[in-house]
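As a plain string of letters, each chain reads:
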Amino acid sequence: MPHLVLLYTPDLEREADIGGLCRALADCMLEQRDETGRQVFPTGGTRVLAYPAAHVAVADGQGDYGFLYANLRMGAGRSPVVHKQVGDSLLAVLRHHLDGLLEQRPIGITLQIDESPGQVFDAKHSSLHPLFTKSS
């Protein structure tokens with residue numbers, strides 16, 4: 001973890017570089033530092049996944065409406081300052097990539113950040129993390 005999941009109306013794929021957006025969002029996450037200058041998100045655990053919705057209904061259905069929902073799920077322990085900083089930074093990336101479309105037609109963007117303070121089960125099995133773990 002962290003996982004940033006994008007759900008969007010499929011029409012956005014014709015008009016936006018979703019793969020490029022995913023990379024930019026992941027890079028943004030990896031650039032985040034906390035108040036002590038420490039990297040907020042582990043490199044090997046950072047994921048951005050994007051899915052076009054198979055079926056959609058947006059607003060009243062009378063227009064050419066688009067939508068992108070971004071949900072960042074991360075483990076507990078980060079400060080409110082970091083939450084805001086991460087949210088503002090991710091929103092800036094979303095806007096950079098999508099504001100041109102918003103000027104052309106109605107598109108909604110939602111970004112939510114969830115923290116998982118009380119997992120009842122959290123297992124990880126990865127050969128990614130060792131690639132980014134510095135040995136002492």
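Anything mentioned here points back to the structure above.
Note that the coordinates shown come from a computational prediction; the quantities given were computed from them, not determined experimentally.

1. Thoughts on the overall build of the protein
Secondary structure assignment for the protein yields four helices and four strands. Taken from N to C terminus, the helices and strands of the protein fall in the order β-α-α-β-β-α-β-α. Going through the 136 residues of the protein one by one, you find that 29% of them count as buried. Sequence separation of at least 24 residues holds for 81% of the intrachain contacts in the protein that already meet a minimum separation of 6. Accessible surface for the protein amounts to roughly 8400 Å². Of this, 53% is attributable to carbon and sulfur atoms.

2. Here we look at the nonpolar core
The biggest cluster of nonpolar side chains holds 27 residues, and the ones touching the most others in it are Leu4, Leu6, Leu21, Leu25, Val48, Leu68 and Leu90. Residue assignment for this core shows that the elements contributing at least two residues are strand 1 (3-8), helix 2 (18-31), strand 3 (66-75) and helix 3 (80-104). Among residues more than four places away in sequence, those in contact with leucine 90 are Leu4, Leu25, Cys28, Met29, Leu72 and Leu111.

3. Quick look at the pairing of strand 1
Side-chain direction in a regular strand flips from residue to residue, so the side chains alternate between the two faces of the sheet. Burial of strand 1 is one-sided: the residues Leu4, Leu6 and Tyr8 facing one way are buried, the residues His3, Val5 and Leu7 facing the other way are not. By the bridge criterion, six bridges tie strand 1 to strand 2 (residues 47-52) in an arrangement that is parallel. In the sheet register, leucine 7 faces strand 2, and the bridge partner there is tyrosine 51. Relative to strand 3, strand 1 runs antiparallel, the two sharing six bridges.

Criteria and thresholds
Numbering of residues starts from 1 in each chain and follows the order in which that chain's sequence is written. Side-chain atom pairs in this predicted model are given and counted only at pLDDT of 80 or more, local residue features only at pLDDT of at least 70, and totals for whole chains, interfaces and linings cover all residues. Excluding hydrogens and water, the side-chain figures rest on all heavy atoms present in the structure. Helix numbers and strand numbers start at the N terminus; a helix is a DSSP run of H or I with at least 4 residues, a strand a run of E with at least 2. The cut-offs for exposure are 20% and 50% of the maximum accessible area for each residue type, with area from a 1.4 Å probe on protein chains only; residues under the lower value are buried, those over the upper are exposed, and the others partly exposed. The contact criterion used is simple: two residues touch if any of their non-hydrogen atoms lie within 4.5 Å. Every accessible area reported is derived by Shrake-Rupley at a probe size of 1.4 Å, with residue values counting cover from the shown protein chains alone. In this text, buried Ala, Val, Leu, Ile, Met, Phe, Trp, Tyr and Cys residues form a nonpolar core when linked through side-chain atoms within 4.5 Å. Here the rule is simple: two strands pair whenever DSSP picks up at least two bridges between them.

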